[in-house]
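Secondary and tertiary structure notes
Each chain, written out:
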Amino acid sequence: MGGWCKTHLLSMRFLTREDIVYLLDKADEFRELLEASPRYRESLKGLVLVNFFFEPSTRTRVSFEIAGKLLGMQVVNVDVEVSSLRKGESLRDTIRTLARLKPDVLVIRHSQSGVPEYLARFSPFHIVNAGDGTHEHPTQALLDLLAIRRTFHHFEGLRVAIVGDVLHSRVARSLSIGLKSLGSEVIFSGPPTLVPPQVEALGARRVFPVEEAITGAQVIYLLRIQRERQEAGYFPSLREYATFFGLKESLWEKAFQNAFIMHPGPVNRGVEMGYGLVEHERSLVEEQVTCGLAVRMAVLETLVREGERIPCGEF
Ligand code: CP
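Description of the structure in this document.

About the thresholds
Residues numbered from 1 in each chain as written. Predicted model: local features only at pLDDT ≥ 70, side-chain atom pairs only at ≥ 80, totals over all residues. Heavy atoms only, no water. Helix = DSSP H or I, 4+ residues; strand = E, 2+ residues; numbered from the N terminus. Salt bridge = Lys/Arg side-chain N within 4 Å of Asp/Glu carboxyl O. Buried < 20%, exposed > 50% of the residue type's maximum accessible area, 1.4 Å probe, protein only.

Let's shift gears to unusual backbone geometry. The peptide bond linking Ser 37 to Pro 38 adopts the cis configuration, its omega dihedral lying at 0 degrees. As for its position among the elements, Pro 38 is in the loop between helix H1 (17-33) and strand E1 (48-53). Each neighbour pair has its own omega, and for Gly 265 with Pro 266 the value is -5 degrees, a cis peptide bond. Following the sequence through the fold, Pro 266 ends up in the loop between strand E9 (260-262) and helix H10 (285-306). One non-glycine residue, His 153, adopts positive backbone phi at about 65 degrees. With respect to the element layout, His 153 can be found in the loop between helix H5 (138-152) and strand E5 (159-163).

Right, here's the structure in full:
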């Protein structure tokens, strides 16, 4: 592939292996730039980024805002609670209204799966999916892949165990698509109620119990327990979860110290992983956050500078 040929970033399913490597190479340059001085390059000066988050976020929203500003963009954060959506305006009419204000990129997080793809059908600006329901979170996958590549320098043959609330995890879905595309082995584990057989359609294996799943893994990727999406009791209590499915310091020290630990954040300390493991020297959790900034700079610059011209659609 000679360059980039996508208009929006909606799903890891729409990225080829070459697309992913292209974005990772570019993000790697930005990750180096973030250690330099000055840390900005105003390649998107004068353009406008709108952040539109219908669900809580710290890492994704703030890193998109900083990424845009480091590239010279003007950034607008829409406060959904005081927008006209609260007066009954439909999402479609809201997007039509925003279109008249001429933004260049809209970054959207929504609790309903498929909303970014729906909007992309008629949006005259670039859309970036910042997480839709239980479906996908492509920039999270890309930042995870960047952190892995900067640690191991390859993906082929790498074994990654993804542990926890797989059922509700857009992170698990996007990351496993990316890892499989790049040649890694993916294993899912956690409470059997939260790791449905359907995940094997992603080309991954399910292994129980957790201790067996993480044996031999180079990366142990722990998922957040998403209590806000859980309608039923999938496990008896958080204490039981921590005991049987969390990565405790004692379990870590027993046999798994050669692996690196990852987590998308926010971490429920003492539940998905032991309190002290977040800052452990084999933890990539904080590096993932900085990789997120680099990836979002790469995504914004690539979409705007190299994306296909956006058709006018129904506007
Ligand atoms: N990992 C992630 O999406 O974090 P935020 O919810 O803080 O954006």
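Picking up after the structure, the text goes on.
The final tally for this structure, using the stated rule, is 23 salt bridges. For Glu 117, the salt bridge goes to Arg 13, with nearest N and O atoms at 3.2 Å. A residue pair is termed long-range when its members are at least 10 positions apart, and Glu 117 in helix H4 (residues 115-120) and Arg 13 in the segment before H1 qualify at 104 residues. Its relative accessible area of 25% is what places Glu 117 among the partly exposed residues. On the basis of relative accessible area, Arg 13 is assigned to the partly exposed category, the value being 47%.

Everything listed here is a matter of geometry and, on its own, says nothing about what the molecule does.
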